[in-house]
Amino acid sequence: MADVKWTDEQLLAINEKGKNILVAAAAGSGKTAVLVERIINKVINEGVDIDKILVVTFTNAAASEMRERILDAIYSKIEENPDDTNMQKQLSLINKASICTIHSFCLDVIRNNFYELDISANFRVADTSEIEMIKQEVIEDIFEEKYIDNNKDFLELVDIYTGYRDDEPLKELILKIYRYIRKCTISR
Ligand SMILES: Nc1ncnc2c1ncn2[C@@H]1O[C@H](COP(=O)(O)OP(=O)(O)O)[C@@H](O)[C@H]1O
Ligand SMILES: [Mg+2]
């Protein structure tokens, strides 16, 4: 965006340094443009390579847009000055730049450090229905264990919270508390 006349607020958001900043403005008002300009300025003025900057978004679409627009900005710098070796270098680095969703970034961190976490190298992310099934299995197993143990406190709890021969309400209550603790909405 070489010939854009930035507003004062945009300039502030582009040039502010050394602190966290939050930019909130209406759709189409130029937030992404500001972000792209901040990144390009870092590359040009501070000699930071594009693959040393982490750019995270919430959606895949936003990540693709971000990558596209950074690429466009690099191309227009090269157009302005075809001998700009720094920009040519950025062009070759952009493919391995971390411009992605927060989820895929976290997944990468886990994948690259699985051994620190004591999990298998070929772990994968479960889908929602798998997670529900695993939760059910775990709670069934725990109840089974506690019944076999004849744990007094547990049996008392079952007695208070369940109907005749049906401990489902207690299991559901435990899962509800679990969801609440994880700050998810409690379903009904
Ligand atoms: N100061 C400006 N002058 C002219 N056009 C601008 C300016 N700032 C942003 N734009 C343009 O407005 C459009 C929307 O900007 P964008 O960054 O996508 O907005 P947002 O991310 O806030 O939805 C883009 O085409 C962008 O190039
Ligand atoms: Mg945007």
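In the block above lies the structure referred to throughout.
How each quantity is defined
Residues numbered from 1 in each chain as written. Chains lettered and ligands numbered in written order. Predicted model: local features only at pLDDT ≥ 70, side-chain atom pairs only at ≥ 80, totals over all residues. Heavy atoms only, no water. Near = heavy atom within 4 Å. Polar contact = N/O pair within 3.5 Å; in protein donor to acceptor, adjacent residues only side chain to side chain. Helix = DSSP H or I, 4+ residues; strand = E, 2+ residues; numbered from the N terminus. Nonpolar A, V, L, I, M, F, W, Y, C, P; charged D, E, K, R; others polar. Salt bridge = Lys/Arg side-chain N within 4 Å of Asp/Glu carboxyl O. Buried < 20%, exposed > 50% of the residue type's maximum accessible area, 1.4 Å probe, protein only. Phe/Tyr/Trp six-rings, centres within 6.5 Å; stacked < 30°, edge-to-face > 60°. Axes fitted to C-alpha atoms, helices over the stretch in contact; angles between N-to-C directions. Parallel < 35°, antiparallel > 145°, perpendicular 65-115°, else oblique. Left-handed = near helix turned anticlockwise from the far one by under 90°. Contact = heavy atoms within 4.5 Å. 1 Å grid on protein atoms, 1.4 Å probe; cavity = no way out; pocket = protein on both sides within 12 Å on 5 of 7 lines; lining within 4 Å. Points joined across faces, edges and corners; volume = space filled by probe spheres on them.

**Q** It is not clear to me how the site of ligand 1 should be interpreted in this structure. Could you clarify?
**A** As a matter of local geometry, ligand 1 sits amid 14 residues, with Gly28, Lys31, Thr32, Ala33 and Arg69 nearest to it. Lys31 places a main-chain nitrogen or oxygen 2.8 Å from an oxygen atom of ligand 1. Looking at which element gives the most residues to the shell around ligand 1, the answer is helix H2 (residues 31–45), with three residues. Of the residues in the shell around ligand 1, the class split is six nonpolar, five polar and three charged.

**Q** How do you make sense of the pattern of salt bridges when you look at a structure like this?
**A** Any two side chains of opposite charge can pair, so long as their charged atoms come close to each other. A complete count under the given rule lists 13 salt bridges for this structure. For Lys89, the salt bridge is made with Asp49, and the minimal N-O distance between the two is 3.0 Å. Of this pair, Lys89 sits in helix H4 (residues 85–93) while Asp49 sits in the loop between H2 and strand E1 (54–57), and the two are 40 residues apart along the sequence. A salt bridge links Arg179 to Glu172, with the shortest nitrogen-to-oxygen separation between them at 3.0 Å. Since its relative accessible area comes to 14%, Arg179 is described here as buried. The network of salt bridges with shared partners includes Glu140, Asp167, Glu168 and Lys171.

**Q** Honestly, the packing of aromatic side chains in this entry has me stumped. Any pointers?
**A** Within a pair of aromatic rings, the relevant descriptors are the distance that separates the centres and the angle that separates the planes. As enumerated under the stated definition, the model contains four aromatic pairs in all. With centroids separated by 5.1 Å and ring planes inclined at 85°, the aromatic side chains of Phe143 and Phe154 adopt a geometry described as edge-to-face. Note that Phe143 is positioned in helix H7 (residues 128–149) and Phe154 in helix H8 (residues 152–161), a separation of 11 residues in sequence. Exposure class is identical for Phe143 and Phe154. Each is buried. A centroid spacing of 5.2 Å and a plane angle of 75° characterise the contact between Tyr147 and Phe154, whose relative ring orientation is edge-to-face. What makes Tyr147 partly exposed here is its relative accessible area of 31%. Residue Phe154 is classed as buried on the basis of its relative accessible area of 9%.

**Q** Can you walk me through the packing of H7 against helix H9 (residues 168–181) in this structure?
**A** Packed helix pairs are specified by the crossing angle of their axes together with the interaxial distance, meaning the distance between the axes. Contact pair H7 / H9: the axes reach a minimum separation of 11 Å and the direction vectors enclose 125°. By the angle class used here, H7 and H9 are oblique. The interaxial crossing formed by H7 with H9 has right-handed handedness. Judged by residue contacts, Lys135, Gln136, Ile139, Glu140 and Phe143 of H7 engage Glu168, Leu170, Lys171, Ile174, Leu175 and Tyr178 from H9. Its residues placed into classes, the contact of H7 with H9 shows six nonpolar, one polar and four charged.

**Q** Even after reading the chapter, I still don't get the environment of Lys89, so can you show me in this structure?
**A** Assessed through its relative accessible area of 39%, Lys89 is described here as partly exposed. Reaching out from Lys89, the side chain makes a polar contact with the side chain of Asp49 at a distance of 3.0 Å.

**Q** Can you walk me through the side chain of Asp167 in this structure?
**A** For Asp167, the location among the structural elements is in the loop between H8 and H9. Those residues within four positions of Asp167 in sequence are excluded, and the remaining contacts are Phe143, Tyr147 and Thr162.

**Q** I tried to follow the layout of surface pockets on my own but got confused; where do I start?
**A** With a probe scaled to a water molecule rolled over the atoms, the places where space remains empty come into view. The space that makes up the largest pocket amounts to roughly 940 Å³. Taken together, 36 residues form the lining of the largest pocket, with Leu35, Arg38, Val55, Val56 and Met66 sitting closest to its centre. If you list the elements that add at least two residues to the lining of the largest pocket, you get helix H1 (8–15), H2, E1 and helix H3 (60–80). No other element matches the 10 residues that H2 contributes to the lining of the largest pocket. Each residue belonging to the lining of the largest pocket can be placed in one class, and the counts come to 17 nonpolar, 10 polar and nine charged.

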